[in-house]
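Residues per chain are reported as follows:
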Amino acid sequence: MSETAFHSGFITIIGRPNVGKSTLLNALVREKVAIVSPKPQTTRSNMQGIVTREHYQMIFVDTPGLHAARTRLGAYMVRVAQSALEEVEAVVFLVDAASGLRPQDMEILQKLLAGSAPLVVCINKIDAASQARVAEMIQALAAYDGIADIVPISARTRDGVDALEVLLAEKLPEGPQYFPGDMLTDQPERVIAAELIREKALYRLRDEIPHGIGVEMTQIKTRENGMIDMHVTIYCERASHKGILIGKNGAMLKEIGSAARRDIELLMGAPVNLQLWVKVQPDWRNKPAMLRELGYE
Ligand code: GDP
Ligand code: MG
């Protein structure tokens, strides 16, 4: 990088579900812009996290995990993840040290090696793996010529994340500052708010229920005193799921609502009055109109 010129570019973060892509995005941006959960397929759309420093701006694109899709929603997720590989300055391919390299990782790696952008492989979750495991993974990956760098990190503890940023900055070409310096994401606050509600629901639900949850912000209004009223519908796929989501005497919905409200108030910097409704919409993940309604198109 030359001393004076400004550098910028888009960098995609990709990998199979649950390896920590969204956690890494948040670690890079140093704010929680993307929701994170232990459930696979938490992230459903591409979203950008923006890092602006004196001499460069990087726009990281967080993607849904690449997986074998079984619904229209799943197919959409894989399609948007793949679209994020085009015309970027670098690709960060995340693998998980806690689980080791999986056949699915190797399949994705083969595809990425055929692409043109510099490929940085990050071995994430080193806080949860032995050094021997990490060394073994580095050795296995070092056999591939097309990998530009192999970087062990912990997105959770931020170990190695600053070093990763420096390494990626060196790959940026000269370019403009695309976004204002204080902008951290391309997502509007109302979308992040809906995502935070989905995140709280994901943490508390099990089996197939999390995959069938959709959150729609139906109304958002600021009162004169600054209080924000939000009306939100949570969709699920069966009456039995609705019962679980609402819980005994509404306890589950109340818990999801108050956890989400705390995060949303931090995000918005104002008190929030959150009203949640639950609706059953069978098979919505295969219905184009519903997918559009919820912003998956
Ligand atoms: P994504 O599906 O790839 O976006 O993964 P998420 O960012 O949603 O993370 C999936 C799970 O892995 C969550 O429970 C995270 O807290 C966890 N996780 C992410 N990064 C790390 C890490 O560096 N160390 C550990 N121990 N867990 C992590
Ligand atoms: Mg994610």
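Below, the structure is looked at part by part. (Residues numbered from 1 in each chain as written. Chains lettered and ligands numbered in written order. Predicted model: local features only at pLDDT ≥ 70, side-chain atom pairs only at ≥ 80, totals over all residues. Heavy atoms only, no water.)

## A word on the pattern of salt bridges
Part 1 of the reasoning: For the coordinates displayed, the defined rule picks out 15 salt bridges.
Part 2 of the reasoning: For aspartate 162, the salt bridge is made with arginine 158, and the minimal N-O distance between the two is 3.2 Å.
Part 3 of the reasoning: With a closest N to O distance of 2.9 Å, glutamate 237 and arginine 285 form a salt bridge. Separated by 48 residues along the polypeptide, glutamate 237 in the loop between β8 (228–236) and α7 (239–246) and arginine 285 in the loop between β9 (272–280) and α9 (288–293) bring together distant segments of the chain. As far as the burial class goes, glutamate 237 and arginine 285 line up, both buried.
Part 4 of the reasoning: Through salt bridges with shared partners, a single network forms among Lys32, Glu199, Lys200 and Asp263. (Salt bridge = Lys/Arg side-chain N within 4 Å of Asp/Glu carboxyl O. Helix = DSSP H or I, 4+ residues; strand = E, 2+ residues; numbered from the N terminus. Buried < 20%, exposed > 50% of the residue type's maximum accessible area, 1.4 Å probe, protein only.)

## Looking at the coordination of the magnesium ion (ligand 2)
Part 1 of the reasoning: Coordination sphere of the magnesium ion (ligand 2), protein contribution only: Ser22 (OG) and Thr43 (OG1), at 2.0 to 2.2 Å. Of the two residues, serine 22 sits in helix α1 (residues 21–29) while threonine 43 sits in the loop between α1 and β2 (47–52), which places them 21 residues apart along the sequence.
Part 2 of the reasoning: A relative accessible area of 13% places threonine 43 in the buried class. (Donors = N, O, S within 2.8 Å, 3.2 Å for Na, K, Ca; no water.)

## Things to note about the packing of α1 against helix α5 (residues 161–169)
Part 1 of the reasoning: Closest axis-to-axis distance for the α1/α5 pair is 10 Å, and the angle between their directions is 80 degrees. If you check the angle between α1 and α5, you find them roughly perpendicular. Listed contacts from α5 to Leu24, Ala27 and Leu28 of α1 are Val161, Leu164 and Glu165. (Axes fitted to C-alpha atoms, helices over the stretch in contact; angles between N-to-C directions. Parallel < 35°, antiparallel > 145°, perpendicular 65-115°, else oblique. Contact = heavy atoms within 4.5 Å.)

## Brief notes about the nonpolar core
Part 1 of the reasoning: In this structure, Ile197, Met230, Ile264 and Leu274 are the most contacted members of the largest nonpolar core, which totals 29 residues.
Part 2 of the reasoning: Taken together, the elements giving at least two residues each to this core come down to α6 (189–204), β7 (214–222), β8, α8 (251–268) and β9.
Part 3 of the reasoning: Dropping the residues within four chain positions of it, isoleucine 197 is found in contact with Val215, Val232, Ile234, Ile256, Ala260, Ile264, Leu274 and Leu276.
Part 4 of the reasoning: If you look at the next biggest cluster of nonpolar residues, it comprises 28 residues, including Ala34, Ile153, Leu164 and Leu172. (Core = buried A, V, L, I, M, F, W, Y, C linked by side-chain atoms within 4.5 Å.)

## Re the site of ligand 1
Part 1 of the reasoning: Around ligand 1 lies a shell of 17 residues, among which Asn18, Lys21, Thr23, Asp127 and Arg156 are the nearest.
Part 2 of the reasoning: Between an oxygen atom of ligand 1 and a main-chain N or O atom of serine 22, the distance comes to 3.0 Å.
Part 3 of the reasoning: Here serine 37 contributes a backbone N or O atom positioned 3.3 Å from an oxygen atom of ligand 1.
Part 4 of the reasoning: Contact with the protein chains covers 91% of the free accessible surface of ligand 1, which is 580 Å².
Part 5 of the reasoning: No other element matches α1, which puts three residues into the shell around ligand 1. (Near = heavy atom within 4 Å. Polar contact = N/O pair within 3.5 Å; in protein donor to acceptor, adjacent residues only side chain to side chain. Areas by Shrake-Rupley, 256 points an atom, 1.4 Å probe, with all protein chains shown as cover.)

## What about the sheet that holds strand β5 (residues 119–124)?
Part 1 of the reasoning: If you walk across this open sheet you meet the six strands as β2-β3-β1-β4-β5-β6, and the pairing is mixed. Looking at which strands have only one partner, the edges of the open sheet turn out to be β2 and β6 (147–152). Adjacent strand axes in the sheet meet at a mean angle of 25 degrees, parallel and antiparallel pairs treated alike.
Part 2 of the reasoning: Sheet analysis places strand β1 (residues 7–14) next to strand β4 (residues 90–96), joined by four bridges and oriented parallel. The residue of β4 that forms the bridge with isoleucine 13 is valine 92.
Part 3 of the reasoning: With respect to the sheet, α1 is in contact with β1, β2, β3 (56–62) and β4, its orientation differing from that of β2 by roughly 25 degrees.
Part 4 of the reasoning: Lying on the sheet, helix α4 (residues 131–142) is in contact with β4, β5 and β6; it crosses β6 at an angle near 175 degrees. (Pairing = 2+ DSSP bridges.)

## What about the sheet that holds β7?
Part 1 of the reasoning: With mixed pairing, three strands are arranged side by side in an open sheet as β7-β8-β9. Strand pairing shows two members of the sheet lacking a second neighbour, β7 and β9, which therefore form its edges. Each strand of the sheet is rotated relative to its neighbour by a mean of 15 degrees, with strand direction disregarded.
Part 2 of the reasoning: Strand contacts of α7: β8 and β9, with the helix running at about 155 degrees to β9, the strand carrying the most contacts.
Part 3 of the reasoning: Relative to the sheet, α8 contacts β7, β8 and β9, its axis offset from that of β9 by approximately 135 degrees.

## Details of the pairing of β4
Part 1 of the reasoning: The buried fraction of β4 is high, at seven of seven residues.
Part 2 of the reasoning: Both faces of β4 are covered, namely the face carrying Ala90, Val92, Leu94 and Asp96 and the face carrying Val91, Phe93 and Val95.
Part 3 of the reasoning: Read as a crossover between parallel neighbours, the route from β4 over helix α3 (residues 103–113) to β5 is right-handed. (Right-handed = clockwise from strand over helix to strand, strands pointing away.)

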